[in-house]
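Summary of structural features
What follows is the residue order along each chain.
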Amino acid sequence: MKTRTFGSGRPVSLFSLGTMRALDSGSQMAEVLDAAAAAGINHLETAPAYGPAERFLGEALRQNTRRTSDHWVITSKLLPGLTFEEGQRRLDQILERLGCQHLDNLAVHGINRKDHLDWALVGHGSKLLDWALNSGRVTQVGFSSHGSNPLIDLALRSQRFTFCSLHLHWLDPKRLPLAHWALSHGLGVMAISPADKGGRLQAPSPTLVEDCTPFAPLQLAYRFLLSQGISTLTVGAAVPDDLQLAARLAQADGPLNDAEQKALFTAQARQEERLGQEQCKQCQACLPCPKQVPIPELLRLRNLAIGHELNAFAQERYNLIGRAGHWWEEHDASACERCGECLPRCPHQLPIPDLLADTHQRLVASPRRRLWS
């Protein structure tokens, strides 16, 4: 598999093995790790917050016979807010679980609020990250974020980090300008879950499959991001077969070809046709909402539900609102009180309160359990 530079660390493969789904046993993780090695993947992404994943990965690394230990580039994470002493202890526990003396990449796991960034820049976190680097335990430090674009921009420009992990998706490209800036300034960029969080594209709707013909939707999504220069894309594999597409695209890092561009254009045109005059263009002009309703994000889910019939994904994301803390939105469409402040701001004259009410009616359902909570 081809590799790309990743900040100031070792190059990483176009695809990275995300370890958050092989959670049944060490033997399951070992099978997935073996398949990753066969596919040419060299980058492993894990975290203490992924349940037993890190422990299972350590067991699998000791069992793996396809690659020597120095083949693997490993990224793990620490949650923000730790004291310096607790952070030291947690990092050493990571190394112990993985069976490593050294970690290639350490990320702050979720700079989702301003206080998280402050922790990393001037608080206990700053001292901790310096210690991790200066002690030789870590080669480079970065961050992941589910936060707002302005917050991510501040983190990128802080010069504290040399890589980042962001939600970058074909069907939700609003963070791509941030990724392009990071890449142009030498930072590594990893796309978080471009399959599952990108629309559950591993199990697409028949409508989206037809929209993307002759390509599978997930293949188009991967190729779209690779053509943008993104350093590496995570694949959260539970079984070896989950890595088959990544293996097929091991050399697919070039520009989009004519057929791929045509398929992407067709899919977008069909979404626009189905939504008609009710399509939210994601311009953000409606914000801020006095009730803190995340209008563009909610209408983006409506766009996907109607435009590509990605109902299962849209419902899943909608019903996590208010249940995932700072990792996701806190207010759903039912918080709209029809004050009308958003209406004159919308350049497309959308009936936003009506569309929010329709979104809630379409997507509200019984909440589902999160993967590791």
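Please refer to the structure higher up on the page.
This text gives an overview of the structure that appears in the document.

Basis of the calculations
Residues numbered from 1 in each chain as written. Predicted model: local features only at pLDDT ≥ 70, side-chain atom pairs only at ≥ 80, totals over all residues. Heavy atoms only, no water. Buried < 20%, exposed > 50% of the residue type's maximum accessible area, 1.4 Å probe, protein only. Helix = DSSP H or I, 4+ residues; strand = E, 2+ residues; numbered from the N terminus. Arc of directions from axis to C-beta. Pairing = 2+ DSSP bridges. Axes fitted to C-alpha atoms, helices over the stretch in contact; angles between N-to-C directions. Core = buried A, V, L, I, M, F, W, Y, C linked by side-chain atoms within 4.5 Å. Salt bridge = Lys/Arg side-chain N within 4 Å of Asp/Glu carboxyl O.

Within helix α13 (residues 311–318) the residues assigned to the buried category are Phe 313, Ala 314, Arg 317 and Tyr 318. Buried residues of α13 fall within an arc of 125 degrees about the axis and therefore sit on the same side.

The next thing to look at is the sheet that holds strand β3 (residues 15–18). Around the barrel, 8 strands lie side by side as β3-β4-β5-β6-β7-β8-β9-β10; this closed barrel has parallel pairing. Ignoring strand direction, the axes of neighbouring strands in this sheet form an average angle of 30 degrees. Across 4 bridges, strand β8 (residues 163–166) lies against strand β9 (residues 188–191) in parallel orientation. Of the residues in β9, the one forming a bridge with Leu 166 is Ala 191.

So, on to the nonpolar core. If you look at the biggest cluster of nonpolar residues, it comprises 116 residues, and the most contacted ones within it are Phe 15, Phe 143, Phe 161 and Trp 170. Ranked by the residues each element gives to this core, the list is headed by helix α1 (residues 26–39), at 8 residues. Counting residues in hydrophobic clusters, the runner-up holds 6 residues, among them Phe 6, Val 73, Ala 107 and Phe 163.

Here the focus is the pattern of salt bridges. Enumeration according to the criterion identifies 27 salt bridges in this entry. Asp 104 serves as the salt-bridge partner of Arg 10, at 3.2 Å between the closest nitrogen and oxygen. With Arg 10 in the loop between β1 (3–4) and β2 (12–13) and Asp 104 in strand β6 (residues 103–109), the pair connects residues that are 94 residues apart, well separated along the chain. The residue Lys 174 makes a salt bridge to Asp 172 at a minimum N-O spacing of 2.9 Å. A relative accessible area of 29% means that Lys 174 is categorised as partly exposed.

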